[in-house]
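Structural description and commentary
Residue-level listing of the chains:
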Amino acid sequence: MLFFPTRPLSFRSSFHFPHQFCSKTITSTTTTATMHSSVSPSRESHKVSSSGEAAISVEEWQGWGTTSPIPAMVTQVVDDLKLLQKDSDADMIFGGNHGKLSGDFKVQEDKKHRATYQSLGDSETKLQFFSARQIACRVLGSRGYLCQKCWLPSEDCMCSKLISCPLWHRVRFWLYMHPKDFLRQNNTGKLLWQVFGIQAATLCLYGIAEHEEMMGGALKLAGKDKVWCLYPNKNAPAKSVKDSMAELSFSHTDGGHSLNFILIDGTWSNSGAMFSRLKDRYELMWGDELPCIMLNTGASLMHKLRPQPSWDRTCTAAAAIGLLDELHDLPNFVSYGLDKQAKAIEDAVEVLLEALTARRLRMGRSITRKQRHNRDIL
């Protein structure tokens, strides 16, 4: 989630080298949901027992929206989980929809992973371990439960309602996602590659070395003058879209690299550390300050369901919509159909909102957004 000065957002419609391993696990999913239940269930359980197979294949890993091979540390974490399961003769139980371990196995695994974390010698390795563990648990805990494409429970899959749209070839989005937002059902960053494709909107997971190296290599190849971060840097002035882009010109025969826009996809409390990491890497690469863009956008439709600290903090998809709309308003971009591409994401946000609303109603849960920070609501 990002923070920008507020104006109404004009939604036009109504609403290291990995290795494979084999182990013995199977998965089963149990849901206890009823539309008319007076007490809504707070968790679903996902059981991984000790009599089947649960290796994460490259195909499965990439099915969640990434273009990378399986990160080495993610593989190692899964391997360690399976070894602990074998040694403890206990089942892995994942509770809720965020791939969280629960039950007796959680107690044992919690002790082991804390000991592992404390034994690591530097902050970088600790971050990589933290991220890999979050991601490994989410993949294992979501298998057979979430649709790999839209990250919603299979019975709520919205993929058939999404309409793909080609993004102008000069624009490339990088979804720099926090591990705690990976496979989150109400995440909106995933909509970008669902609509535009994984080459136009590429997932980069925070703290995953292979992902960050991939993004860094692509940005370096594109060049210093073709990289921006959509983030209001408090320590340096952030430029508007007009100030950053109005002087750019393009030729149909120009073979230059894409304009690369980094979207920080994480909660506001996590985004500061993510931006700091991006900033340090950019400075190491080019010896300069990471250029930031301030959008003139506001709250998205997702505010109806997803609590935010205030109404002027918007979701990742809304930030992308705002960027495309503001680019389209510039004379040097007006001919590239960016308004239609923004509309395609708007439509996808509406589809996601409808799917999440229908699920909450079926489960007997409230669809009213919590009212917080009323002083910020106009």
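The structure this text deals with has already been given above.
The following paragraphs examine the structure supplied in this document. Since this is a predicted model, take the numbers as computed values, not measurements.

A word on the overall build of the protein chain. Scanning the protein chain from terminus to terminus reveals 10 helices and 12 strands. Residues counted as buried form 52% of the 378 residues belonging to the protein chain. Surface accessibility of the protein chain: about 17300 Å² in total, with carbon and sulfur atoms responsible for 53%.

Among the nonpolar cores identified, the biggest contains 79 residues, and Phe173, Phe182, Phe196 and Phe261 are the most heavily contacted of them. The dominant element in this core, judged by the number of residues it contributes, is helix 10 (residues 338-362), at 10 residues. Looking at this core, you find at least three residues from each of domain 1 (47-58 + 66-141) and domain 2 (154-247 + 254-363). Leaving out residues up to four positions away in the same chain, Phe196 has contacts with Cys165, Pro166, Leu167, Phe173, Leu324, Gln341 and Ile345. If you look at the next biggest cluster of nonpolar residues, it comprises 19 residues, including Ile264, Trp268, Phe275 and Leu278.

Let's shift gears to the packing of aromatic side chains. A complete count under the given rule lists 13 aromatic pairs for this structure. By way of ring pairs, the aromatic residues Trp61, Trp151, Phe182 and Trp193 are connected into one cluster.

In spatial order, the strands read 7-6-10-8; together these 4 strands make up an open sheet with parallel pairing. One side of each edge strand has no neighbouring strand; the edge strands of this open sheet are strand 7 (201-205) and strand 8 (227-230). Going across the sheet, the axis of each strand differs from the next one's by a mean of 25°, ignoring polarity. Here 7 bridges tie strand 6 (residues 171-177) to strand 10 (residues 259-265), and the two strands are oriented parallel to one another. Looking at the pairing, Val171 lines up with Leu259 of strand 10. Those strands touched by helix 6 (residues 209-222) are strand 6, strand 7, strand 8 and strand 10, and its axis lies near 130° from that of strand 7.

Another aspect to go through is the packing of helix 2 (residues 72-88) against helix 4 (residues 123-142). Viewed as axis vectors pointing N to C, helix 2 and helix 4 meet at an angle of 65°, and their least axial separation amounts to 8 Å. For the pair helix 2 and helix 4, the sense of crossing is right-handed. Across the interface between the two elements, Met73, Val74, Val77, Val78 and Leu81 of helix 2 pack against Gln128, Phe129, Ala132, Arg133, Ile135, Ala136, Cys137 and Leu140 of helix 4. A per-class count over the contact of helix 2 with helix 4 returns 11 nonpolar, 1 polar and 1 charged.

Turning next to helix 8 (residues 268-286). For helix 8, spanning 19 residues, the distance from its first C-alpha to its last is 27 Å, which sits close to the expected 27 Å at 1.5 Å a residue. Looking one or two places after helix 8, you find Gly287, whose phi comes out positive at around 65°.

Next up on the list: the side chain of His211. In this structure, His211 sits in helix 6. At 3.1 Å, the side chain of His211 and the backbone nitrogen of Leu205 are in polar contact. With residues up to four places along the chain from it excluded, the contact list for His211 reads Trp61, Thr66, Ser68, Leu203, Cys204 and Leu205.

As a further point, take the environment of Met245. For Met245, the position within the fold is in helix 7 (residues 241-245). Once the C-alpha coordinates of Met245 and Glu326 are considered, the two residues, 81 residues apart in sequence, prove to be 9.9 Å apart. Not counting the four nearest positions on each side in its chain, Met245 is found in contact with Trp228, Phe261, Ile293, Leu327, Leu330, Asn332 and Phe333.

As a further point, take helix 2. When the terminal C-alpha atoms of helix 2 are compared, their 24 Å separation across 17 residues agrees well with the 24 Å that a helix rising 1.5 Å per residue should span. All buried positions along helix 2 are accounted for by Ala72, Val74, Thr75, Val77, Val78, Leu81, Lys82, Leu84 and Gln85. A positive phi of about 55° marks Asp89, the residue just after helix 2.

The rules behind the values
Residues numbered from 1 in each chain as written. Predicted model: local features only at pLDDT ≥ 70, side-chain atom pairs only at ≥ 80, totals over all residues. Heavy atoms only, no water. Helix = DSSP H or I, 4+ residues; strand = E, 2+ residues; numbered from the N terminus. Buried < 20%, exposed > 50% of the residue type's maximum accessible area, 1.4 Å probe, protein only. Areas by Shrake-Rupley, 256 points an atom, 1.4 Å probe, with all protein chains shown as cover. Core = buried A, V, L, I, M, F, W, Y, C linked by side-chain atoms within 4.5 Å. Domains from an automatic or database assignment. Contact = heavy atoms within 4.5 Å. Phe/Tyr/Trp six-rings, centres within 6.5 Å; stacked < 30°, edge-to-face > 60°. Pairing = 2+ DSSP bridges. Axes fitted to C-alpha atoms, helices over the stretch in contact; angles between N-to-C directions. Left-handed = near helix turned anticlockwise from the far one by under 90°. Nonpolar A, V, L, I, M, F, W, Y, C, P; charged D, E, K, R; others polar. Expected span 1.5 Å × (residues − 1). Polar contact = N/O pair within 3.5 Å; in protein donor to acceptor, adjacent residues only side chain to side chain.

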